[in-house]
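# Survey of secondary and tertiary structure
If you want the building blocks of each chain, they are given just below.
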Amino acid sequence: MFRKVAIGISGGVDSAVAALLLKKSNFQVQGVFMRNWDGNYEAGFCTDEKDFEDATFVCRKLDIPLHRVHFIKEYWNDVFSVVLREYETGLTPNPDILCNRYIKFDSFFEHCRNNLAVDAIATGHYANTSFGPYLEQYNDNEGARLLQPTDKHKDQTFFLSQVKQFSLRKCMFPIANLLKSEVREIARKEGLLQVASKRDSTGICFIGKRRFKDFIEDFIKAREGFFIDIDTGHVVGQHSGIHKWTVGQRCCLSNWKHAYFVFKKDLNTNNIYVVPGTQHPALWNNLCTTEKPHWICKEPPALTDNGVLHCSFRFQHTKPLVPCRVVKNYEGLTILLQNSLRALTEGQFGVLYIDTECLGSAKINNVCHNLVQ
């Protein structure tokens, strides 16, 4: 059923090995390099030319065609504009989750289906589905469930938690059952030396080497305000914009006995409330509410039938999963965590799991703070 496959080639080792495995499995493979940002704007700071050069090397080595497509307009409208609006309103968004939802598993999927006449797409993400790494267990009458990969340290299901079902069910994850170390070893053995030891990309790719605070100033007007200690009510410093700060971040204010950390941002006054010490109880919370959730496959039966879903939660992909109870409310979900987490942040996504399955996610819109010392 699935013979013609288009794979997103980023210029990194993961997508290179994924393409190699597809080719060795006798799929008809085409590579697609996505350009999502106008490098001319950030001349001298951001360029994807080195990545494109590496992607070209990989495809020549594997003898597969490489297409270069632009999703600059789509990225600006569906991801970056949303990110700017949320920063302006005091939230802390996650552009990687939005990019996967709207670009890599939507615009990319539609482009490949409409222009390359493929049966499926593939990526180098560390993830899996209930249909298998090569869709070998595909069932037209079932929904695809998003599953964690073998390499839990590199697990990227967190970033795929808003992906739509119609594209996920036609997506292959060839490196689902490999460890990162195995991926690099395969690349070396197969002569993909240009990417075999290449460092993983981190952060927002188009920012380049600039500090985020400097980059965002090009798009959001600076507006000064005060840092205010919530325990004393005293002004302890000044800042140049709430969009540059996130909950739990150290403020690096001088001349104070204890380091200060961001507790909450006040959009009306443009002040940032801070607490002394990283263990202040105001930074640790176990209750939040969300907007309407996105379920990868379908709403969990426990939530539909019993009204309470017992599962696991994370809002940062590097942190351990925490047991929780979930109920529906008028706007979305109410989530009660078994253990308090540091710096639960409005605008981030709460991602839910049962065992190795990622159920989906919902954007956090309110955190119930503990102000008792």
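The rules behind each value
Residues numbered from 1 in each chain as written. Predicted model: local features only at pLDDT ≥ 70, side-chain atom pairs only at ≥ 80, totals over all residues. Heavy atoms only, no water. Core = buried A, V, L, I, M, F, W, Y, C linked by side-chain atoms within 4.5 Å. Buried < 20%, exposed > 50% of the residue type's maximum accessible area, 1.4 Å probe, protein only. Contact = heavy atoms within 4.5 Å. Pairing = 2+ DSSP bridges. Helix = DSSP H or I, 4+ residues; strand = E, 2+ residues; numbered from the N terminus. Axes fitted to C-alpha atoms, helices over the stretch in contact; angles between N-to-C directions. Phe/Tyr/Trp six-rings, centres within 6.5 Å; stacked < 30°, edge-to-face > 60°.

In terms of nonpolar packing, the biggest core is built from 77 residues, with Ile7, Leu22, Cys112, Met172, Phe173 and Ile175 touching the most fellow members. Leu22 has contacts with Val5, Ile7, Phe27, Val29, Ala122, Tyr134, Met172 and Pro174, leaving out every residue within four places of it along the chain. Within the second largest apolar cluster, 20 residues are counted, among which are Ile335, Leu341, Ala362 and Val367.

Judged by pairing direction, the sheet is mixed, and its four strands sit side by side in the order E9-E8-E11-E10 without closing on themselves. Unpaired on one side and paired on the other, strand E9 (235-239) and strand E10 (260-266) mark the two borders of the sheet. Taking the axes of each pair of neighbouring strands and ignoring which way they run, one obtains an average angle of 30° across the sheet. Two strands pair when backbone bridges link them, and strand E8 (residues 225-229) and E9 are joined in this way by four bridges, in the antiparallel orientation. If you follow Phe227 over to E9, its bridge partner there is Gly237.

Let us look at the sheet that holds strand E3 (residues 66-70). Across the sheet, which stays open at both edges, the five strands sit in the order E3-E2-E1-E4-E7 with parallel pairing between neighbours. Where the open sheet ends on each side, the last strands, each with one partner, are E3 and strand E7 (171-172). Here five bridges tie strand E2 (residues 28-35) to E3, and the two strands are oriented parallel to one another. Within E3, the residue paired with Arg35 across the bridge is His70. Of the strands in this sheet, strand E1 (4-8), E2, strand E4 (120-122) and E7 touch helix H1 (residues 13-24), which is tilted by about 170° from E1.

A separate point is the packing of aromatic side chains. Overall, the coordinates contain 17 aromatic pairs when judged by the stated rule. Their ring planes at 80° and their centres at 5.0 Å tell us that Phe2 and Tyr138 sit as a pair that is edge-to-face. Residue Phe2 is found in the segment before E1, and its partner Tyr138 is found in the loop between strand E5 (128-129) and strand E6 (146-147); the two are separated by 136 residues along the sequence. Overall, Phe2 belongs to the buried group, its relative accessible area being 9%. Residues Trp76 and Phe219 carry aromatic rings whose centres are separated by 6.1 Å and whose planes lie at 55° to one another, so their mutual orientation is tilted. Linking Trp76 in helix H3 (residues 72-88) with Phe219 in the loop between helix H8 (212-216) and E8, this pair joins segments that are 143 residues apart in sequence.

With that out of the way, let us pick up the environment of Ile216. Assignment of secondary structure puts Ile216 in helix H8. Residue classification places Ile216 among the buried residues on the basis of a relative accessible area of 0%. Put simply, Ile216 and Ile97 are 119 residues apart on the chain and 19 Å apart in space, counted from C-alpha to C-alpha. If we ignore the near neighbours within four places in the chain, the residues touching Ile216 are Leu84, Tyr87, His243 and Lys244.

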